[in-house]
Amino acid sequence: MTAEERYQRIAGFYEALKTLSAAIRTQKGGIAPENYVGRFFAADILEMLNAYGEKLTTADAKLKAAVKKYHEEYQTAKDLATPSNKPIYEMTLEEFERVMNI
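What this report covers is the structure whose coordinates are included nearby.

Here is what the cut-offs are and how they apply
- Residues numbered from 1 in each chain as written.
- Predicted model: local features only at pLDDT ≥ 70, side-chain atom pairs only at ≥ 80, totals over all residues.
- Heavy atoms only, no water.
- Helix = DSSP H or I, 4+ residues; strand = E, 2+ residues; numbered from the N terminus.
- Buried < 20%, exposed > 50% of the residue type's maximum accessible area, 1.4 Å probe, protein only.
- Contact = heavy atoms within 4.5 Å.
- Areas by Shrake-Rupley, 256 points an atom, 1.4 Å probe, with all protein chains shown as cover.
- Lys, Arg positive; Asp, Glu negative; His and termini not counted.
- Charge placed at Lys NZ, Arg CZ, Asp CG, Glu CD.
- 1 Å grid on protein atoms, 1.4 Å probe; cavity = no way out; pocket = protein on both sides within 12 Å on 5 of 7 lines; lining within 4 Å.
- Points joined across faces, edges and corners; volume = space filled by probe spheres on them.
- Nonpolar A, V, L, I, M, F, W, Y, C, P; charged D, E, K, R; others polar.
- Core = buried A, V, L, I, M, F, W, Y, C linked by side-chain atoms within 4.5 Å.
- Axes fitted to C-alpha atoms, helices over the stretch in contact; angles between N-to-C directions.
- Parallel < 35°, antiparallel > 145°, perpendicular 65-115°, else oblique.
- Left-handed = near helix turned anticlockwise from the far one by under 90°.

Each helix and strand in the chain was counted, giving 4 helices and 0 strands. N-terminal to C-terminal, the α/β element order of the chain is α-α-α-α. For the chain, with 102 residues in total, the buried portion stands at 29%. Pairs at least 24 apart in sequence give 68% of the contacts found in the chain among residues at least 6 apart. Accessible surface computed for the chain: about 7100 Å², of which carbon and sulfur atoms make up 57%. If the 14 positive side-chain charges of the chain are averaged to one point and the 15 negative ones to another, these points end up 5 Å apart.

Here's what the structure looks like:
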């Protein structure tokens, strides 16, 4: 499997995750996206997708457009991604609340 194919698989998973998240939020009474706890997992997937896309070197215009789209989407959600510099169990309450956007 090529790097481009792996990227497309991750992108497909992310798109399916967005669809499932919307369905779950609807089933639970119409929870707003900003109040759904799954948004943190989705942000982590998007962060990984963005990082992987930045490393791709492709001439495929469709793939380049997808990389750009997910990069722009990540810019709006990057504050929701799990921080990698400090584990949650080592955070103070203030740090945890800031990370969780509480």
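Okay, the layout of surface pockets next. Computed from the structure, the largest pocket encloses a volume of approximately 300 Å³. Listed by contribution, the elements that provide at least two residues to the lining of the largest pocket are α1 (3–27), α2 (39–55) and α3 (61–77). Ranked by residues supplied to the lining of the largest pocket, first place goes to α1 with 5 residues. For the lining of the largest pocket, the residue count by class is 9 nonpolar, 2 polar and 4 charged.

What follows is about the environment of T57. Considering the arrangement of structural elements, one finds T57 in the loop between α2 and α3. T57 sits in the exposed class, given a relative accessible area of 71%. The spacing of T57 and N35 is 22 residues in sequence and 36 Å in space, taken between C-alpha atoms.

In globular proteins that are soluble, nonpolar side chains generally tend to be buried together. Counting 15 residues, the largest nonpolar core has Y7, Y14, L46, L49, L56 and Y70 as its most contacted members. Looking at this core, the elements that each hand over two or more residues are α1, α2 and α3. With near-sequence residues (within four places) excluded, L46 lies in contact with Y14, Y70, E73, Y74 and A77. Grouped together as the second largest cluster of nonpolar side chains are 7 residues, F40, L80, M91 and M100 included.

In a packed pair of helices, the relevant descriptors are the angle between the two axes and the axis-to-axis distance. Viewed as axis vectors pointing N to C, α1 and α2 meet at an angle of 160 degrees, and their least axial separation amounts to 10 Å. One finds that α1 runs roughly antiparallel with respect to α2. The crossing of α1 and α2 is left-handed. For the pair formed by α1 and α2, the contact residues are A3, R6, Y7, I10, A11, F13, Y14 and L17 on the first element and F41, A42, I45, L46, M48, L49, Y52 and G53 on the second.

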